[in-house]
Amino acid sequence: IELYDGSIGSGFLYNEKGDVVTNAHVVAGEDEVLVVTADSNELTGKVIGISQDIDIALVRVDGLKDKQPLKVLEDKKVEIGDEVLALGSPLGLDQTVTTGIISGLDRDFELGPYRYEGVYQISAPIAPGNSGGPLVLQETGEVIGINSAGADIGVIGFSIPMSNVVHILDQWSDSPMLGGSHTDYENLNRSDIEAEMEAIYVFDYFYSSINVRDYVTAYSLLGSNWQSNLSYEDFQEGYVHTYSVSIDDRNAYINGDKIQVTAIITAEETNSGHITISKYKVNYTLGYENDQLKILSGKGEKLN
């Protein structure tokens, strides 16, 4: 993946829609990038998903549609000592493969502005240009991670496990943030962008209120029609077992005269004195009532 300022990174084909996975820091600030394939074809890609917290992004390349993607290992079945291959273009050297092993698990650190949590430590070196390339399990050829960072001293690299991010990538693929069918940012006016930002604020405020047990405020953010079909007591009862909610990723897009907010959330819930952790994909529709942005409807789907 090459930016128009000349900087480069790596990526890999994720699905048959032509979606390419890379690091957020590789494509940050860009709507379009140049994608050079292994056989030297130059294609245009549009950034359809990018996280502000996790160092991942998704680029849609129409020229790669219906091409065979790499096989991804979604379940976390990796152990220390497993042999791996890191693929990419370190220092601009195309199609470079470095070998190593998984030398550590569940490493946590920050490399502003991104958080790296539960990542693989690998002995294969990660150099500039490697970022965004796949980490492949040598035994099976399956992609287990996204190569993202390297240590300044010694041969140490870090790779984001696919099992941590496939739900976010799938969300972006289904509902593109940028350049997709829902939102063309080149044609959005300022009021549209402000409405999307306001929708994200209301969404975040709703779950912040839930986290501090301020159910009155959270309920007040619902639209009148939703409130008429859901009493405050039933609303409160629905969240009484919710210990906390964290937002893994979310995006907003204009849909006619409404605004859709889709997100992946992690909920800690109490059950018979025990806390269970579950992930949900949620979709909310927001709209204006008396010049106030309200949550008109919503639904959630529990993820495995």
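Provided above is the structure to which this section pertains.
Parameters and conventions
- In this numbering scheme, every chain counts its residues from 1 along its sequence in written order.
- Local features are withheld for residues below a pLDDT of 70 in this predicted model, meaning they are given only at 70 or higher, and side-chain atom pairs are given and counted only at 80 or more; totals for whole chains, interfaces and linings count all residues.
- Only heavy atoms go into the side-chain values, all of them from the structure, while hydrogens and water stay out.
- Any two strands between which DSSP finds at least two bridges are classified as paired.
- Counting from the N terminus, the helices are DSSP H or I runs at least four residues long and the strands are E runs at least two residues long.
- The contact criterion used is simple: two residues touch if any of their non-hydrogen atoms lie within 4.5 Å.
- Angles run from 0 to 180 degrees between N-to-C directions of axes, and those axes are lines fitted to C-alpha atoms, restricted for helices to the stretch in contact.
- Classification of residues uses two cut-offs on accessible area relative to the type maximum, computed with a 1.4 Å probe and protein chains only: under 20% is buried, over 50% is exposed, and between them is partly exposed.
- Only the six-membered ring of Trp is used, alongside the rings of Phe and Tyr, when aromatic pairs are assigned; centres must lie within 6.5 Å, and planes under 30 degrees apart are stacked while those over 60 apart are edge-to-face, with the rest tilted.

**Considerations on the sheet that holds strand E5 (residues 57-60)**
Stage number 1. An order of E1-E2-E5-E4-E3 is seen for the five strands of this open sheet, with the pairing classed as antiparallel. Sheet topology places strand E1 (12-13) and strand E3 (32-36) at the edges, where each strand pairs with a single neighbour.
Stage number 2. When strand E4 (residues 42-50) meets E5, the two strands line up antiparallel, connected through four bridges. Residue pairing in the sheet places Ile50 in a bridge with Ala57 of E5.
Stage number 3. Here helix H2 (residues 166-174) sits on the sheet in contact with strand E2 (19-22), E4 and E5, set at roughly 35 degrees to E5.

**Things to note about the environment of Leu64**
Stage number 1. With respect to the helices and strands, the residue Leu64 is situated in the loop between E5 and strand E6 (83-88).
Stage number 2. Looking at Leu64, the relative accessible area reads 13%, which means it is buried.
Stage number 3. Each C-alpha atom of the pair Leu64 and Lys17 lies 7.4 Å from the other, and the pair is 47 residues apart in sequence.

**Points about the packing of aromatic side chains**
For any pair of aromatic rings, the description rests on two quantities: the centre-to-centre distance and the angle between the ring planes.
Stage number 1. One pass over the structure, following the stated rule, counts 13 aromatic pairs.
Stage number 2. Where Tyr219 meets Phe235, the ring centres are 5.4 Å apart and the plane angle is 55 degrees; that geometry is what we call tilted. Of this pair, Tyr219 sits in helix H4 (residues 215-220) while Phe235 is found in helix H6 (residues 232-239), placing the two residues 16 residues apart along the sequence. Of the two residues, Tyr219 and Phe235, both sit in the buried class.

**Re the pairing of strand E8 (residues 114-122)**
Stage number 1. Burial analysis of E8 places seven of its nine residues in the buried class, which makes it a mostly covered element.
Stage number 2. As paired strands, strand E7 (residues 96-111) and E8 are joined by six bridges and run antiparallel to one another. Its bridge partner lying in E8, Ile102 is registered against Ile122.
Stage number 3. The hairpin formed by E7 and E8 contains two residues between the paired strands.
Stage number 4. In terms of strand pairing, E8 meets strand E11 (residues 157-161) through three bridges, oriented antiparallel. Bridge pairing in E11 places Ile122 opposite Gly157.

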